[in-house]
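Spelled out, the chains give:
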Amino acid sequence: MNSSLPFLNLLLGRLAKPRAVAVVFSLATCGYLAACGYHVANRTDALPKTIHVISVPALENNTNSYRIEQKLTSPTFPEFLAVTSYKITSDPSAGDAVLRGKVLTLEAVPLLFDTLTGRATTMLVTVRCEVTLTERETQKVLFHTDKFVFRNEYEISTDVKSFFEEQDPAIDRIAKDFAQRLVASVTENF
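To start, this report covers the structure provided alongside it. What you are looking at is a predicted structure, and each value in this text was computed from that prediction instead of being measured. (Residues numbered from 1 in each chain as written. Predicted model: local features only at pLDDT ≥ 70, side-chain atom pairs only at ≥ 80, totals over all residues. Heavy atoms only, no water.)

Okay, the overall build of the protein next. Within the protein, the regular secondary structure consists of four helices and six strands. Overall, the protein shows an N-to-C arrangement of helices and strands of α-β-β-α-α-β-β-β-β-α. Each of the 190 residues in the protein was classed as buried or not, and the buried ones make up 32%. Partitioning the intrachain contacts of the protein with sequence separation of at least 6 by distance along the chain shows that 66% fall at a separation of at least 24. Counting every atom, the protein has about 12400 Å² of accessible surface; 58% of that belongs to carbon and sulfur. (Helix = DSSP H or I, 4+ residues; strand = E, 2+ residues; numbered from the N terminus. Buried < 20%, exposed > 50% of the residue type's maximum accessible area, 1.4 Å probe, protein only. Contact = heavy atoms within 4.5 Å. Areas by Shrake-Rupley, 256 points an atom, 1.4 Å probe, with all protein chains shown as cover.)

Okay, structure coming up:
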């Protein structure tokens, strides 16, 4: 039994070096990630401390899609309230900052086709928006992008009896995604 101890000590000695290297590598990686600016979402506030109330009037609709601006604006209020401490209003004169936006394009293109009939079975909805957050008193632009792009798929039933238009639920999913990303972008200034 004692004859196996030297072998065991040799084996443990060889394993100790890779473990030490792994520990050092892990610590170095953690330090690198911390230095690169990674942080917990919604914990950093890039807006000036003088902003307490954000006004979010309805978006402008530059498309032919009926009420798309309302569908994208409505989930923005609860998202701001859920993840920030800001008060939200729709009145532009009541906010310390005003968040304005435009729906620039709304496209629905066929994505998948039925091989037997050649009909589209899945569509891809793409919405592009422009968003600007301006400090009301100074008119200083705090955040701006014209590249808010969202995509979502929806299926088209090929069975006429069970046909259900999925476009409205797809737009609702895009609106929720829009609100989440908009609030994160504005408050974290990405």
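Additional details are given in the paragraphs that follow.
Another point: the nonpolar core. I54, L72, L99, L133 and F178 are the most contacted members of the largest nonpolar core, which has 33 residues in total. Looking at this core, the elements that each hand over two or more residues are α2 (68-73), β4 (97-113), β5 (120-135), β6 (141-155) and α4 (167-188). Among the elements that take part in this core, α4 stands out by supplying eight residues, more than any other. Ignoring any residue separated from it by four or fewer positions in sequence, one finds L72 in contact with L59, V103, V127, C129, I174, A175 and F178. (Core = buried A, V, L, I, M, F, W, Y, C linked by side-chain atoms within 4.5 Å.)

The next thing to look at is the pattern of salt bridges. Taken as a whole and assessed by the stated rule, the structure comprises two salt bridges. Here D172 makes a salt bridge to K71, at a shortest N to O gap of 3.3 Å. Residue D172 is located in helix α4, and its partner K71 is located in helix α2; the two are separated by 101 residues in the primary sequence. With a relative accessible area of 42%, D172 lands in the partly exposed category. For the salt bridge of R136 with E137, the shortest nitrogen-to-oxygen distance reads 3.4 Å. On the accessibility criterion, R136 (30% relative accessible area) is partly exposed. When its relative accessible area of 63% is taken as the criterion, E137 is described as exposed. (Salt bridge = Lys/Arg side-chain N within 4 Å of Asp/Glu carboxyl O.)

In this section: the environment of S185. Position of S185 among the secondary structure elements: in helix α4. The exposure class assigned to S185 is buried, which follows from its relative accessible area of 14%. Taking the C-alpha atoms as reference, S185 lies 9.6 Å from H144; in sequence the two are 41 residues apart.

Here we take up the pairing of β6. Every regular strand shows the same layout, with side chains that alternate between the two sheet faces. When β5 meets β6, the two strands line up antiparallel, connected through twelve bridges. Residue T122 lies in a different strand from β6, and its bridge partner there is E155. What sits between β5 and β6 in their antiparallel hairpin is a turn of five residues, with Q139 showing a positive phi close to 60°. (Pairing = 2+ DSSP bridges.)

Inspection of the secondary structure puts E69 in helix α2. It turns out E69 is buried and unbridged, and the closest side chain with the opposite charge, R67, is 6.7 Å from it. Here N61 takes part through its side chain, which lies 3.0 Å from a polar atom of the side chain of E69. If near-sequence neighbours (up to four positions away) are discounted, E69 is found in contact with L59, E60, N61 and V103. (Lys, Arg positive; Asp, Glu negative; His and termini not counted. Polar contact = N/O pair within 3.5 Å; in protein donor to acceptor, adjacent residues only side chain to side chain.)

Okay, unusual backbone geometry next. Backbone geometry at R67 places phi at a positive 60°, although glycine is not the residue there. Residue position: R67 is located in the loop between β2 (60-61) and α2. Using a relative accessible area of 40% as the deciding quantity, one classes R67 as partly exposed. Even without glycine at this site, Q139 takes up a positive phi of about 60°.

In terms of residue burial, β5 counts as a mostly covered element, since 14 of its 16 residues are buried. The pairing of β4 with β5 spans 15 bridges and is classified as antiparallel. Residue pairing for β5: L99 is matched across the bridge by L133. Counting the residues between successive antiparallel strands, the hairpin from β4 to β5 contains six residues, one of them, G118, with a positive phi of roughly 80°.

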